[in-house]
Every structure is written in structure tokens, then in C-alpha cells.
Amino acid sequence: MAAIPTLLPSHEFREALRRRGGDTASRCFQCATCSGVCELAPDEAPFPRRLMLLAQWGQAERLAADPAVWLCHQCNDCTVRCPRDAKPGDVVQAIRALVIEKLAFPGFLGRLVGAARASWPLLVGLPIAFWVALLAATGHLAIPVALPQHWAYEQLVPHVLIYSVFFPAAGWALLAAWVSGRRFWGLLAAGGPPVSFFGGVVPAVSEIATHKRFASCDAARPRRFGHLTLLWGFVGAAVTSGLLIVGIYVQHLAMPLALTHPYKVLGNVSAVLLVIGATVLVANRLGDGRKAGAATAFDNYFLTVVALVIVTGVLSEVARLALTPEFALAVYVVHLGLVLCLFLTFPYSKFAHMLYRSLTMVHQLGGAEASRS
Amino acid sequence: MTAAPRPLLVVGGGIAGVTAALEAAEAGRDVVLVERDACIGGRVLRNHHYFPKLCPPTCGMEINTRRLERNRRVRVLTGARVTACREDGGGYEVTITHAPAYVTERCTACGACTPVCPAKVKDPFNLGMAEVPAIRLPHPHAWPKRFVLDRAACPDGCHACRDACTYEAIDLAAVERTETLAVGAVVLATGWDPYPLERLPELGGGRSPDVISNVQMERLAAPAGPTGGKILRPSDAQPPRRVAFVQCAGSRDVNHLAYCSAVCCLASLKQAIYVKEQLPDAEVTIYYIDRRAPGRNEEMLTRVAAMDGVRLVKGKVAKVEPNGAALALRLEDVDAGRIVRAEADLVVLATGMVPRSQDTSVFATVIDEDGFAVERPGLAVAGVAHRPEDVAASVRDATGAAARACIAAGRSA
Amino acid sequence: MERLGVFLCSGCGIGEALKLEGLTAIAEELGAAACRTHPCLCSPEGAAEVRAALDDGTVGGALVAACSARAKVEAFAFDPTRHAVERVSLREQVVWSHPAGDEDTQALAEDLLRMGYARLAKAGAAKPLAEAIERTVLVVGGGLAGLTAARTAADLGHPVVVVEKAAAAGGSLAALAEVVPAGPPYDTLHANPLPGLIAELTANDGVRIFTGSTVASITGQPGQFHVTLATPAGEVALTAGAIVQATGSRPYDATRLGHLGYGASPNVVTAAELDAMLAAGGLKRPSDGAVPRRIVFIQCAGSRDPDHLPYCSADCCSATLRQIATIHHSHPEVETAVVYRDIRTPGQLERFFLAVQQQPGSLFLRGEVASVSGNGRLEVALRDTALGGDAALEADLVVLALGLVPNSADGEAIRIHSDAVRRAEKGESETQREEARKVAAQYASHQGTEILHLDYRQGPDLPALRYGFPDSHFICFPYETRRTGIYAAGTVHAPMDAAAAAEDGAGAAMKAVQCIVAAERGEAVHPRAGDITVPDFFLQRCTQCKRCTEECPFGTLNEDEKGTPQLNALRCRRCGICMGACPERIISFPDYSVDAVAGMIKAMSVPEEVEEKPRILALMCENDALPALDAAATLRRGWNPWVRVIPIRCLGSTNIVWIADSLSRGIDGVILIGCKSGDDYQCHYVRGSQLAQTRLGNVQETLQRLALEPERIRVVELAHDEFARVPEVLDEFAATIEGLGPNPMKGF
């Protein structure tokens, strides 16, 4: 028999929740309207009502282990209907931020990103400064004199330089994500029935690919479109990056690629998807406050970095084709800095929801898989 | 001995207003009671029974009307409204506008006019759930016992009722008239309106005839109601097998009414008894946030909770959708920690009470955030005009309000 | 009354349905001084004709044969000190409910006319009481409700005496700095109005406050209560016109809730103890004086529990919220958790609940507490009904939101006890004494609980309704007291919160003042407010049977040593129960008497057996059954034409002689229709139907001896809104009587 839980209220948690925009939890009187309207809530152990009570009581451990935190897609159907204006959507968003911070490896980075309201200049500025310094040190801050009319960025910043930064950065991010993911998986699995990880992966990926669950939310339909577009834009961009490595080192393609080259086409299509997705999401955020939910610094930080990565990426290409190399280089350096920022803060920013939500889905679907077999 | 104090003005002829008027009059004060409707009784007479005793409101109103008839100190003005008010020397000068008296005091309620009336209107006494002739007795217990005419419904040039009346009691050319009165103090007892069903579309309000309000349920159970007291589904006039009561439909909800309407839990418990008494096999479920049965009313909660075929489920209903002939409900059952998808044949929304602040504004009344009137010296407030409360509490504070108005009026003399 | 005039109305279809000449002929036959017919008697012209005849002395009393006595009341209201007026319901009881032109319909109308005439003949003019009336209002209990009552009565111009048992006025809320909001803004505590109220009353020369005092005795009646107070300075005698009992309530005995740890740990305290602690300015853990970091409030401690207090105490939720708001104001670092079953914050108090919830460190959990254990640091074990499963809370201090128990005494129970004690000593047989000892033991807890010390036959205090609250039994009339002139207010009246208690105090004061005004005018109070008739007791024929004194629901009648009733007319509510109880028929009202109804019964035509037309008498309560009959008629629902209806004030006023007279005259059946009896009784005179039932039970034996079937007499309970049922009841009874065949007494 499980030990009787002792509910110990936590002042600190309440304070942390308040900082993350979840202080409306205290308004909740447990009517359960939120769970009733939520189309994503499972029939057994539905949410968000339970999360609201755990948040009021500051039950950080139980929240960290609660898959419901990640099953919520923050459509805000609950917030729109909440009779107490307790904004469950915002509260769960704040809980996610706190869980990301709690599970972060190493912890101080979690806290640093968690404090994005204050730390964002550092988080964004440092990677950009790093690139400026690196390029200065390696003599790439100046435009080469003999730059052809159709130049490629490789002629400004050598690929080797890029890969020697991004491979370790990605490796680090993956390591940190792996550690956090392990912690999370352990919490999910603790005390529960056996779960087939691999059994869950395939259905989870197919769900994620279509954003099936997102479709059931009423209050924020445009968000699903934006989110799905953005996801596929990122997938396209990632695939393009991989193909380019092949193109450069295996196929020895000449840079810049023609606009008609399949790799280029894929890259540009991805860029278009990213622009559309980001525009929809930003517009949604700026729209009807109740449906969109509260904007927190943690949230804005992530959204802004993503948006700027996209903007600088697109601008880099435009600049290469139509503007001066000096300007193009400046944009490109900022772009590289932002991408590095995105890579390095992946496990600690809102970006980490990709990790936790995916794992939760795998756990949930793997559980279903395990119970079937 | 100084001059006799000016009369009190009581605005509203529901249970609170009638009580305030009578209590002051029986303490020896002159009172003018103004009621906008054609007869007194207001909301309570539209109830089938009172909780927790399950007794008919007409019984108490019988005593009150007899008190009014015996007491020459109360002047009852029905079909009248206060349309202007000005403070004067510690009292008020008020203008009262009388609706046109198409049917005069000569009416004997003989009933000769009704059968010849060609026009039909939605019956306001039965909350629009039945059709009645344009000229009629408002309801079997109407006081004053005088017919009313919905003049707007008359076909052009029709005077069939006037021709049928032997007592010259019908004046189709009657016009609105006003009078001015000097009163010493005012008791506001302007009561409430039910929160409109149409504002609750997510709970099926206005989207299915079988989603009704608690006030409509009272009419369905009442012998003088549209079904003669039979509880039937409006859509097909069949007795419902499954009845769901949705508590806090509008109340305790910042999107609708931020306050608790104070009576809906007990009203639903009472209505659950109506259903079980008529339809013993029916399944009744009451979905609630908190069961609010203060004081002795707790007995009724205990009694209903123990009834066979009645369940009380903690969880606010989130959605009601028409689903074929039935209605589908979705909510979290908090005790079970599980989403419930229930079906019902009849859904009763426990809609709340909205104060009639439109009737208090003429007195430049301060209202609170929720529209309830705030008392000030010389302007006492009774009943639901100042807070959501049940009949017993309304009567209690109508008595206190009468005292305060007497005190203020005494000073003004 | 002599020189009776009969005024017939031919309107509303009466003229078409009936042969009016037949009615006129009867009036002449009866010797009417005048008999006039008018096409619309209720019109100003018609009513003026009646008035003129009364005023110019043409007639001494008027029989208005038109519509129901409940219709057009104002048109036919004449000065009762000069004229008697009776109504015959030709419209509702005859033409609206029976076929026009029918022989039976005509016979019914003629009978009703005869009966009305007989009643009028026995009626007299009323002589109102004119007694010296004291205007002082006595308020027993100086808490919020009592002091509000005192201020209200004083402002209405009445001298006031307040008696408070404690050393200072103010009651349980006096020491609080701030209280639950009773008006906007609702999201914050408000300053306690009590200190201001006490100062105001202390400064008012018209208000005398006796602290440390109790009531020693009260004799007399409204307008003339003779009160003796026991004060620290000795006995004080005074007179009062009316009384407000606002003796408040006390917390339930926490030691009876063993599982909640009260007494086992000093750190488990009651809400009242916490209030005292906060008023003394310190939030301290009793065990060590440290400020508690975590406080757990347990709601419904004793309330809503069949083993303790089955009712909801109505105040504890808002009181707990108040305490939390107060604590967080001075100690923002303290965490509070409330364990509740349902939070009950009706009306705008929802806003107060929300405001308290939003204070940092303020937590709520839906759950059922299983136990409180530990000594220094406490553990509250509970079933968590919000998340499911068992859980525990740690606490430095546990506060029990105890339910409230009224500071009342059940006058009737005290009387039962003292009677039983007397019988146990002086009973005639050992069995009787044994039986009395059992009753005495059962009611022993009521011994010595007196508060008002009333010198009333029915006991020394207000009777309790349920759970010891001397509440009114009526939703519409919360001040409908069973002891005229004595009104309960505040938490002794019913469970309520502080705002409601204050409101209740004002209302009760209004009723007390009203009772004094009515006494000055010689008028009855609710429900027959304005009635100036007084019952007359012809004591020379009294046999001291004590039935009237025992059955009076209002304690109007005391007894002298011999058992002769002593009328306290100002306590009387004019129900006529004493009149119904009296076997000697010595009690009567000017407009309602055993004789008058007997005269009506005598006036009924009883057809010969060969006519095969049974005759049925229906005695109907005028408050519920008669209006239901009128409503049925309004809807043109007919009933059996053999039925003759006599409206009576209350079924309890039924004198058995009416039944005997009816049956001996050959009337075939008697049906009595009254209000609902039992726990949820509807009778404004408490036990009307029940008394009638008991009295009829006593005659059943006689019936059998006379070879009369018991089915010939029936008591039916019927509610005001059961207009559809009245005709059915009458028709069904008529069918039963027809089945039984004619009354064998016919023709004797």
C-alpha cells in the first residue's frame, strides 16, 4: 500500500508559480468545469482540475510526475469557461515552466533560463558575442576582397567553423535533454504499470506528425495550424541541414546552390512554413487575451528567439541575393548566434516541451501498447 | 402631537414588498404599495412549492391578501411603476405611472370576455410555456381578482370583449395616467429576474426545448401550470426517464453572475422530490459545486440524497449537447476522478437570480458590483433587491426594512 | 342580530342559472326585514345600496348572497362594531360549479341562503378590547440580534429594556475588531458595528440595559407583561408590552467530538477560543506560546452530522473565512488550510470567499476528517475527496468550526416534564406513576432550563420547533410565534450568520412594536390581524374539564386552582380551538360560535329517504380548503350538488356537537377538510386537523352504538393549491355515502 501522502503546502512554490504567471490558481474552487470542457483530458484521472489543486498546495513533486502537465496543449478552452477566472491554461503553462526548471540538467542553467525575464540579454547576447569573437579571432569578420557576384556564406564563414560549433552544441543539448528525459521518464514510470517505450514511439510520432489531439480544442483552433506548420518547418530545416552536410562533404556540391536545386527548394519551403507558422502564433498571442492565455517572459523569450531565428534566416538569404555582403554578414552572425542560443537553451526553455510532451505521449501510448500485449 | 407621518412607499408587490407593506401597516402606518404587474405575488406565486416544507406559496399569500383586504392603511396600486423620484425635506416626492386600465375595477371576474377573445398570447404567468387569450384572469389565485388585457395583442378594431362585458368594466381607450405622491420613506422590494437560458448555450440553453430553467420546472410541477402539474418533456410531452439538474448555471461564475444565488441548490433538491413523487422510476442526478443547504434545510439535502434513484454528483457540468432525442452531458465526477458522459431526457438548469436594478435606478440607488441595491437612510431595501436569498430570509428582512422605513418616515413628519 | 336584510346579486350568471324568485321567497319565509336584488351588487351602486340600508337602520345585518366571501371583500366591508354581515357564495359554490337551471342547483342555492341567514341571525357586533397597554419592549439577550432589536424598537419610539446575562452587553461578537461584510465591498472585512451600537444604546435614555441579569418571571399578556428581573442589585419589577428573545447560541460541546482531538491536545481549539485569542491580540499555540505556522480549520465540527447536530449551523463557513482574513492580516506568513465538505457562502459572500482564497497561504481542501492526532505538532488524517484517497495534514494548531446550539428552552417540554414529575408523585395508580416516571426521565434534560419563566399553562418558554430552535413553522411568516407578543431573533431563532441575525433583530422588534400597537387598538395579530372580536367564556357553566386550556395552541388560557380557564384575551389569536374543545359550548365569538354553525346545520334541508338524495355537510377550513374550492369554481370545475359547505376558521374549532346534530338530523355524511398535519403541518393554529381527528375518534364509539357507519365521517387534509383535488374529494365522498345508503336516523 502506498504511503498516505502528507499535503505540505509550499510557500516557495506558490511564489514561483506567481512569478511564472500561475498565481490565478488560488482562485480555483474545484468546480471541475475545466476538466469537463477539456477534450484532451483522459476519462480516468482527467485534468486540469487536479493540477489546479496540486498547484494551490505547491505539490511540486507530484506535478513533476504528472503526465497531465504535458498532455495539455494549452488550447485554453478551460480558461475561457473557468467560472472563477482561475485561468487553468496559464496555470498549467506555468507548471510546465517550473517542471522544466526542476528537471533541468544542470540545474543552474534551468534556473537561468527560467529567469528569462531578467536573463534574456545574457541568453541571447552571449551566443552572438561568441560568434563575433570567434569570427574576429579567426579573421572572418571582414568581407573577402575577391567575393564573386554569386557568393556563398561559406566564403564568409567556413563550414568547418559552423560545424565545429554546432556539433558540440547539439551534443551538449542532447546530453542535457537525455539526462532530463531520463529523470522525467523515471518519474512517469514510478509506481505505474509497465510501459513499452518502443511500443509507444511509433504511435506517438504519428500523433505528433498530425497534431491529432490539438484538433479537438475549441478555443484556439488557429494555434494548431500555426504549431503544426512550425513543427514541419523545423523538420524541413533540420532535414535541409543534414542534406547540406551530405551535399558539401559527399556530393561536393558547389555553393551557393541554385534556387532550383531540390535542397534549396526544400530549405526555402521550410522557411516559408516557419514564417507562416510563426506569424500565426505571434498573431494569436497578440489577439484575444483570454483564449491566448497570459504571456510570460519565459514564453515570450522562446517565441521571440524562434521568431528571430526565422527572420534572420530568411533575411540572410535575401541579403545574399540582393543586399550588400557587409549587411548579409551582420545578419548572418546574429542568425548563427540565435541558432546557437536555441540549441543551448533547448532543454531549459519552452522548447523542452518537445521533449517532455513527446515522452509523455510515448509513455501514454506505450502504456496502452503494453496493456494490449 | 405632530402631524401624522407621511405614508411609506413600497416598491414591488412580491413576497418581500407585500410583507413590508403589511408589517408597516399593521404597526399603524399608511402605506402605498406599487406593483408593476396586474396582480401581486411576484416570483413566489410562480413557484409550485416552497422548500423545505414543500407547501404551496398561495397559502401564505392567501393570508397576506386577507390582511391587505382587512387593512385600510395599505393602498395597493397594481399595474403601476414609479417613474420619477425627488428628495424633498427628508422624504420623497414620487411620480407613479399607472398603465392604461383596459379592465377597470368594475370587473367582477365573471369570465364572459375570455371565450370571445380571438387573440392568443404567450402566458407570462407560465413563463411563456402556454398560450392564453389576450383577455383573461392572470391565474386562478390572482389578486386583485380582476381580468387583464394584453392590448398589444388585440386585432385591429376588435371590441368583442367590451361587447361581452355586462359590467362596463372594459375600456379599450384607456390611457396611461400619472399621479404624484409625497412619501416619508421608501422600501425597495423590486425582486429579481431569472438569468436568461439563452446566455448559457454551452449548457444547452436555448438550443433544445428540453433544456429548461428551474423556474420553468416550477411551472411544470404546478397544478396551475401549462401541463396541469405533470412533469413532461417540452419536446414531446412525454414524462422524462432521466432528469439532470445542473447547479450554478450562471451563478458563481464570473462569466455570468459572480455571486451565489443562494436558493438554487434547495430549489433543485425540491424539484428532485417533485420528479420522484410523480415519476418514481425516473433517474435524477444533481450536479453541483457545493451543496448549499444552510440551517434546517440540511434535512432536505439528507432526505433527497437518500432517495432511491437520486444521485448527487460533485462536478460542474461543462457541456450539454443535443444528441438525438436525448441530451448529452459532459463533466468530471470529482469523487470518482473521472470524466462522465451522461445522457438525460430533461435538463434543468439551476439558473440564478438577477436583481432588477432597472427598477431601482429611478431612486438614484447605489448598487453593488453585482447590481444589488444598497440601503441608505430613508430608502430601505428588502428581499432579493439587495441580496440573493430565500423566501424566509426575504420576509425576515422585509420586516426589518419596514421598521427602518417607519423610523425614517417618522422623522420626516 | 335582528332585522336582517337579504341582498341578492343576479350578476355573474347567478340570475340566469337560478330562479331568484325562489330565493326571494325563502327570504320572505325567513322573515327578512328587506330583500333586494341587484344586477351587480359589488358595483359601487350595488354596494351603496347595502350600505344605505345598514346606515339608515332599515336592516341591522346584511346577508350578501352574491360571490364568495373571498371576492370583492372591500365592497362589502362594513364597520364590524355596528353591523354584522354574512356572505353566501351563490357564484362560486353554486352557479360556477353546478349546471344552470338544474333542480339540485336551485336546492343548493336555497339551502345556502337559509344557512347564511341562520348564521347571520346568531351574529353580533364586535366590541374591541380597550385595555391599558404598556409600550415598553423587553429584549432578552444583549448580543447583536438583541441590541439591533433594542435600537429598532427605540427608534420606533418605544421604551426598551435589555436584559443580558453576561457582565457586559455585546454577545459572542463583541470582542471582534472586524466582521464578515454585510454589505459592499464584499471582498474585505468590515469594522465591527457592535461597539458603536452599544455606545448608542447606552447614551439613549429610552433604553435601559441590565447586565449580569436574567428574567426571574413573566406574567400577564401582550401589552401587560409583568416582568421581574434578577439583577446584581436585586429584583427589578417592570411592565412590558412585548418581548424579543435574542438569547443567541453557544458552540457545540467539542468534547463530544472525540476523534477531533479536543482536550487531548491543547493545540486543538474551538473557533470561539481562537476568536478570544485573536481579540486578546495574540495568535499563539497553546502548548508553547509560539506563533503557529500551519493552522488547519475543520468545518462542520458537529454540524451536518446525525449523531451530533443534524442541521447546518449556517455561520461557520463565513466565520472561518473571517478568522483567516484576520490572521493573514497580522500574520501573512501563516499558512491556513480549511477542510470542508461544502463551502457555504451564499449571495455576495462568494466574493468574500474568493478574496480570502487569494490571500497567500490560504488553502482549502474538500475532505472528511477522520482524526486529529499528536500533541505538540498535530496530524489531521482525512479522506481527501478532491484528489481521492487518504491524506494527512500537519498542523501546529487545529481550529474546530463548531456548530451552534441555541440558548433556548423548550417550554412545552419543560411543562411535560413538570407534569410528569407531579404525576409520578401523586398519580392515582402505580402504573400511572411508573409511566410518569418514564416520561419524566425522558424529559429530564429540560429541567431547570427556563429562560423566560413565563406563567403560562403551556409551559414557561417558547415551544421549540425542531432541534431546540423556537422558530416559526412558516416560510412566509418567520415571526409567526406560538406565544403572542414574544418573538425570537438571531441565532436562537434559527441557524444564521451575523448579518442575518442583525436583520432578524430588526424584524422581531418590528413585530413586537406591531403587537403593542395592535393591543392598543384591541386587534388580533397575525394571522387574523385586525380581528377585533374576543372570545366570550360563559364561565357559570364551565365544568373545569380543562380541554380548552390544554388545547389552546397559543397558551392563551391559564387555569386557576380549580381548573377554571382564565382568559388572557391579548394572547388570543381567535382560532376558535377552545370553542371546538368545549363540551359545554360556553365559548363563542360575536361572529363565530357553536350556536351559529349549529343553526346553519339546522337550516339545511334534509330530503326524505324516498327522494334518494343524500345530504352531505362539508366543514372546510377557510384558509386552505375554501380557497381551493373557490379556485376550482373559478376554473368551472363542478362537484356533487348534495354537498353543503360551511366555512370554519380551523378544523380545530369543530365542536363535536355539530357532528352529532348533523347525524341526528339525518344528514348522511360529514366531511371535514383541513390543512396538513404532522411534522410539516400547514395549520396556522398548529394542530387543527389533528384535533378534529382526535375529537372524531372519540365519537366513533357513539356512532357504532347508534349503528352508524364510521365511513359517514371523514377528515381530509388538503393544501391551498389542490384545487383540482377538492371536487374529486367531495365527489368521492358523495359516492361513498351513496354506497352506504341513507342515514338510518332520518326522520327521527
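Keep in mind that this is a model prediction, so the values were computed, not measured.

### So, the overall build of chain C
Helices and strands together make up the secondary structure of chain C, namely 20 helices and 32 strands. With respect to the principal axes defined by its C-alpha atoms, chain C has extents near 95 × 65 × 60 Å. Counting over 748 residues, chain C shows a buried share of 59%. In chain C, of all internal contacts separated by at least 6 residues, the share reaching a separation of at least 24 is 71%.

### A short note on the overall build of chain B
Within chain B one finds 7 helices and 22 strands. In terms of C-alpha radius of gyration, chain B reaches 23 Å, essentially the compact-globule figure of 22 Å for 413 residues. Considering only C-alpha atoms, chain B reaches an extent of 70 × 50 × 35 Å along its principal axes. Put simply, chain B has 413 residues, and 62% of those count as buried.

### A look at the environment of Glu-299 of chain B
Counting through the fold element by element, Glu-299 of chain B comes out in helix H6 (residues 298-305). We classify Glu-299 of chain B as partly exposed; it has 17 C-beta atoms within 10 Å. Taking the C-alpha atoms as reference, Glu-299 of chain B lies 37 Å from Ala-38 of chain B; in sequence the two are 261 residues apart. When sequence neighbours within four positions are dropped, the list of residues in contact with Glu-299 of chain B reads Pro-52 of chain B together with Pro-310 of chain C.

### Focus: the sheet that holds strand S13 (residues 211-213) of chain B
Residue and element names in this part refer to chain B. Taking strand neighbours across the sheet as the criterion, the 5 strands line up as S13-S20-S14-S15-S16 in an open arrangement whose pairing is parallel. The open sheet has two edge strands, S13 and strand S16 (310-314), and neither has a second partner. Looking at each pair of strands side by side, their axes are set apart by 20 degrees on average, direction ignored. Of the strand pairs in this sheet, strand S15 (residues 283-288) and S16 are connected by 5 bridges, and their pairing is parallel. Note on S16: the bridge partner recorded for Val-284 is Val-310. Here helix H5 (residues 264-278) sits on the sheet in contact with strand S14 (242-249), S15, S16 and strand S20 (346-351), set at roughly 170 degrees to S14.

### Digging into the interface of chain A and chain C
Interface extent is often summarised as the accessible area lost during association of the parts. Contact with chain A, which involves 16 residues of that partner, is made by 16 residues of chain C. Secondary structure elements with two or more residues in the side of chain A that touches chain C: strand S1 (6-7), helix H1 (11-19) and helix H3 (49-56) of chain A. A per-element tally of the side of chain A that touches chain C places H3 of chain A first, with 3 residues. Residues of the side of chain A that touches chain C, tallied by class, amount to 7 nonpolar, 5 polar and 4 charged. Of the strand pairs in this sheet, S1 of chain A and strand S20 (residues 390-395) of chain C are connected by 2 bridges, and their pairing is parallel. Paired with Thr-6 of chain A across the strands is Ala-392 of chain C, a residue of S20 of chain C.

### Quick notes on the sheet that holds strand S24 (residues 536-537) of chain C
All names here are of chain C. Pairing within the open sheet is antiparallel, and its 3 strands lie in the order S24-S27-S28. Each edge of the open sheet carries a strand with a single partner, namely S24 and strand S28 (592-593). Alignment of strand S27 (residues 587-589) against S28, held across 2 bridges, turns out to be antiparallel. Across the sheet, residue Ser-588 finds its bridge partner in S28, namely Ser-593.

### A closer look at the confidence of the model for chain C
When pLDDT drops low, the exact placement of atoms in the prediction is not to be read closely. Here chain C shows a mean pLDDT of 95. Residues at 70 or above account for 100%. The complex prediction reports pTM at 0.95, with the ipTM value standing at 0.97.

### Section: the packing of helix H9 (residues 116-137) of chain A against helix H16 (residues 325-345) of chain A
All names here are of chain A. Close contact between H9 and H16 brings their axes to 8 Å; oriented N to C, the two are set at 125 degrees. With respect to H16, the axis of H9 lies oblique. As H9 runs across H16, the sense of the crossing is right-handed. For the pair H9 and H16, the contacting residues are Leu-123, Val-124, Pro-127, Ile-128, Phe-130, Trp-131, Val-132 and Leu-135 in the first and Val-333, Val-334, Leu-336, Gly-337, Leu-338, Leu-340, Cys-341, Leu-344 and Thr-345 in the second. Classifying every residue of the contact of H9 with H16 gives 15 nonpolar, 2 polar and no charged.

### Regarding the domain arrangement of chain B
Residues and elements named next belong to chain B. Domain annotation of chain B identifies domain 1 (8-98 + 176-191 + 356-412), domain 2 (100-174) and domain 3 (195-352). Between domain 1 and domain 3, the C-alpha centre-to-centre distance is 31 Å. On the side of domain 3, 22 residues touch domain 1, which itself brings 11 residues to the contact.

### Re helix H18 (residues 656-664) of chain C
Residues and elements named next belong to chain C. Listing the buried residues of H18 in full gives Trp-658, Ile-659, Asp-661, Ser-662 and Leu-663. Buried residues in H18 make contact with helix H16 (594-603), strand S29 (616-621), strand S31 (669-674), helix H19 (688-705) and strand S32 (713-717). One or two steps after H18, the chain reaches Gly-666, where phi turns positive at roughly 95 degrees.

### What to know about the nonpolar core
In this structure, Val-187 and Ala-405 of chain B together with Ala-65, Val-244, Leu-400 and Ala-512 of chain C are the most contacted members of the largest nonpolar core, which totals 498 residues. Counting residues per element, this core draws most heavily on helix H13 (residues 498-521) of chain C, at 16 residues. Look past the residues within four positions of Val-244 of chain C in its chain and what remains in contact with it is Val-137, Val-139, Val-140, Gly-146, Ala-149, Tyr-487, Ala-489, Ala-508, Ala-509 and Ala-512 of chain C.

### Remarks on the domain arrangement of chain C
Per the domain assignment, the segments of chain C are domain 1 (1-126), domain 2 (137-248 + 449-521), domain 3 (251-406), domain 4 (411-444), domain 5 (536-587) and domain 6 (606-748). Taken over C-alpha atoms, the centre of domain 3 of chain C sits 57 Å from the centre of domain 6 of chain C.

### A short note on the interface of chain B and chain C
Listed as interface residues are 68 residues of chain B and, on the opposing side, 71 residues of chain C. Going through the elements one at a time, helix H1 (15-26), helix H2 (57-70), H6 and helix H7 (391-412) of chain B are the ones with two or more residues in the side of chain B that touches chain C. At 14 residues, H7 of chain B tops the list of elements feeding residues into the side of chain B that touches chain C. Tallied by class, the residues present in the side of chain B that touches chain C amount to 31 nonpolar, 12 polar and 25 charged.

### Thoughts on the environment of Leu-260 of chain C
Residue placement: Leu-260 of chain C occurs in the loop between strand S14 (249-251) and strand S15 (268-270). Excluding its chain neighbours within four sequence positions, the residues that come into contact with Leu-260 of chain C are Val-268, Ile-298, Ala-301, Val-369, Val-372 and Leu-400 of chain C.

### Side note on the environment of Ser-445 of chain C
Residues and elements named next belong to chain C. Tracing the chain through its elements places Ser-445 in the loop between helix H12 (430-442) and strand S23 (486-488). Residue Ser-445 is classed as exposed on the basis of its 11 C-beta neighbours within 10 Å. Sequence separation of Ser-445 and Ala-413 is 32 residues, and the distance between their C-alpha atoms is 9.4 Å.

### Considering helix H20 (residues 725-740) of chain C
Residue and element names in this part refer to chain C. Across its 16 residues, H20 extends 23 Å between first and last C-alpha, which sits within 8% of the 22 Å expected from 1.5 Å per residue. Of the residues making up H20, those classed as buried are Val-726, Pro-727, Val-729, Leu-730, Phe-733, Ala-734 and Ile-737. Projected down its long axis, H20 carries its buried residues within an arc of 160 degrees, all on one side. Of the exposed residues in H20, those oriented more than 90 degrees away from the buried face are Ala-735 and Gly-739. Just beyond H20, the residue with positive phi is Gly-741, at close to 85 degrees.

### Some remarks on the pairing of strand S12 (residues 234-240) of chain C
All names here are of chain C. Bridge count between strand S11 (residues 224-231) and S12: 7 bridges; the pairing is antiparallel. Bridge pairing in S12 links His-226 to Thr-239. Connecting the antiparallel pair S11 and S12 is a turn made up of 2 residues.

### Brief notes about the pairing of S20 of chain C
Residues and elements named next belong to chain C. By the alternation rule, side chains of S20 split into Ala-391, Leu-393 and Ala-395, which are all buried, and Asp-390, Ala-392 and Glu-394, of which none is buried. Here strand S19 (residues 378-384) pairs with S20 via 6 bridges, running antiparallel. Considered in S20, the bridge of Leu-382 is made with Ala-391. Counting the residues between successive antiparallel strands, the hairpin from S19 to S20 contains 5 residues, one of them, Gly-388, with a positive phi of roughly 90 degrees.

How each quantity is defined
- One numbering rule holds for all chains: residues counted from 1, following each sequence as written.
- Think of it this way: whatever chain is written first is A, whatever ligand is written first is 1, and the rest follow in order.
- pLDDT decides what is reported in this predicted model: residues at 70 or higher carry local features, side-chain atom pairs at 80 or more are listed and counted, and totals for whole chains, interfaces and linings draw on all residues regardless.
- Secondary structure elements follow DSSP: runs of H or I of four or more residues count as helices, runs of E of two or more count as strands, with numbering from the N terminus.
- Three exposure classes are used, based on other C-beta atoms lying within 10 Å of a residue's own C-beta, which is placed from the backbone: buried for 20 or more, exposed for 12 or fewer, and partly exposed in between.
- This entry defines residue contacts through backbone-placed C-beta atoms, with two residues in contact when those atoms are within 7 Å.
- We compute the radius of gyration from the C-alpha atoms alone; for a globule the expected value is 2.2 Å times N to the 0.38, where N is the number of residues.
- Strands are treated as partners if at least two bridges between them are detected by DSSP.
- Only the stretch in contact is used when fitting a helix axis, every axis being a line fitted to C-alpha atoms; angles between N-to-C directions are given from 0 to 180 degrees.
- When residues are sorted by character, Ala, Val, Leu, Ile, Met, Phe, Trp, Tyr, Cys and Pro go into the nonpolar class, Asp, Glu, Lys and Arg into the charged class, and all the rest, Gly among them, into the polar class.
- In predicted models, pLDDT denotes the confidence assigned by the predictor to each residue on a 0 to 100 scale.
- Roughly parallel means an angle under 35 degrees; roughly antiparallel means over 145; roughly perpendicular covers 65 to 115; every other angle is labelled oblique.
- Two helices that cross are described as forming a left-handed crossing if the nearer one is turned anticlockwise from the farther one by less than a right angle, and a right-handed crossing if clockwise.
- Delimitation of the domains relies on an automatic or database domain assignment.
- In plain words, the nonpolar core is the set of buried Ala, Val, Leu, Ile, Met, Phe, Trp, Tyr and Cys residues that C-beta atoms within 7 Å link up.
- Expected span, for any helix, means 1.5 Å times one less than how many residues it has.
- Directions are taken from the helix axis to each C-beta atom, and the arc is the one they span.

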